[in-house]
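Structural characterization, general
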Amino acid sequence: DVKVTQSSRYLVKRTGEKVFLECVQDMDHENMFWYRQDPGLGLRLIYFSYDVKMKEKGDIPEGYSVSREKKERFSLILESASTNQTSMYLCASSLISGQGRSGYTFGSGTRLTVV
Amino acid sequence: DAKTTQPNSMESNEEEPVHLPCNHSTISGTDYIHWYRQLPSQGPEYVIHGLTSNVNNRMASLAIAEDRKSSTLILHRATLRDAAVYYCILSILGNLIFGKGTKLSVKP
C-alpha cells in the first residue's frame, strides 16, 4: 500500500516563527498536494506539485511556500506563522497527472496550533 | 465553489445498503468523479472514482448518470465502521476540489 507520512501529528508554534511541515510518500508518485482543513470550510488546496522542483499555487497560497527537491518529499513552509494558520494540514499524493485519472492517498494530517 | 451538491447528513441502519447522492450539473466532459471518506481525526481515504461507466471495487460501487450530471455512491452493506464524512469531488484539471460532504451515521 502507498504510504504518505507526515512528520508530525501535532505541532505548537509561536507567532512569527518559520514552520516546516514535511511529507514523504513511498510509491514514486509524481503528484503531491498540500491542503488545510478547517471546520465549516472543508479542505482547501494550498499548493501542489507535478514534478521535482515544480510547484503550482492552489486556492489559498498566501502566507505559504513549498519545496520539492526530491520526488518523494514535499514540504510546506509557513514563512512567518500567524494565528489564522492554526489548522489541520493534510498532504496527499497521486500517481498520474492530468484530469484526475488516479486516486489520491492522504497522510494522517498535522494539527498545527499557532499561539 | 465546490461544483458538487450533497446532502449535509444521512442515516443508515447497519447491514443495509446506503445510497449517497451527488449532483454535479456543471461537470465537463473530462472531469473525473471521485469519492473519498474521512473518519474522525484521520485524513481522507480514497473510495472510488470514475469517468462515464459505473465502477465497482471492494469498498463500494459508483453509479454515474448517463448525462453525468449526478452520481451515487453505493455501500452495499453498511457497517458501523462506515460512519464518516463522504466527499463527492470533481477532479478539475487534475486537482481535487473538496466540498462539505455528507456525514453518514450508521445505527446498530
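Above this text is the structure in question.
Residues numbered from 1 in each chain as written. Chains lettered and ligands numbered in written order. Predicted model: local features only at pLDDT ≥ 70, side-chain atom pairs only at ≥ 80, totals over all residues. Heavy atoms only, no water.

**Some words on the pairing of strand S8 (residues 84-92) of chain B**
All names here are of chain B. Across the 9 residues of S8, 7 count as buried, placing the element largely inside the fold. When strand S3 (residues 32-38) meets S8, the two strands line up antiparallel, connected through 7 bridges. Paired with isoleucine 33 across the strands is leucine 90, a residue of S8. Where S8 meets strand S10 (residues 102-107), 3 bridges bridge the pair, whose relative direction is antiparallel. Bridge pairing in S10 places valine 85 opposite lysine 103. Where S8 lies against strand S9 (residues 95-96), 2 bridges are found, and the strand directions are antiparallel. What sits directly across from serine 91, in S9, is leucine 96. (Buried < 20%, exposed > 50% of the residue type's maximum accessible area, 1.4 Å probe, protein only. Helix = DSSP H or I, 4+ residues; strand = E, 2+ residues; numbered from the N terminus. Pairing = 2+ DSSP bridges.)

**Side note on the side chain of arginine 68 of chain A**
Residues and elements named next belong to chain A. Assignment of secondary structure puts arginine 68 in strand S8 (residues 64-70). In this structure arginine 68 is buried but unpaired, with aspartate 51 as the nearest side chain of opposite charge at 5.9 Å. A polar contact of 3.1 Å, which involves the side chain of arginine 68, links it to the side chain of serine 49. A distance of 2.6 Å separates a polar atom in the side chain of arginine 68 from the backbone oxygen of lysine 71. Apart from the residues lying within four places of it in its own chain, the contact partners of arginine 68 are Gln25, His29, Glu30, Asn31, Met32, Ser49, Tyr50, Asp51, Val52, Lys53, Arg73 and Phe74. (Lys, Arg positive; Asp, Glu negative; His and termini not counted. Salt bridge = Lys/Arg side-chain N within 4 Å of Asp/Glu carboxyl O. Polar contact = N/O pair within 3.5 Å; in protein donor to acceptor, adjacent residues only side chain to side chain. Contact = heavy atoms within 4.5 Å.)

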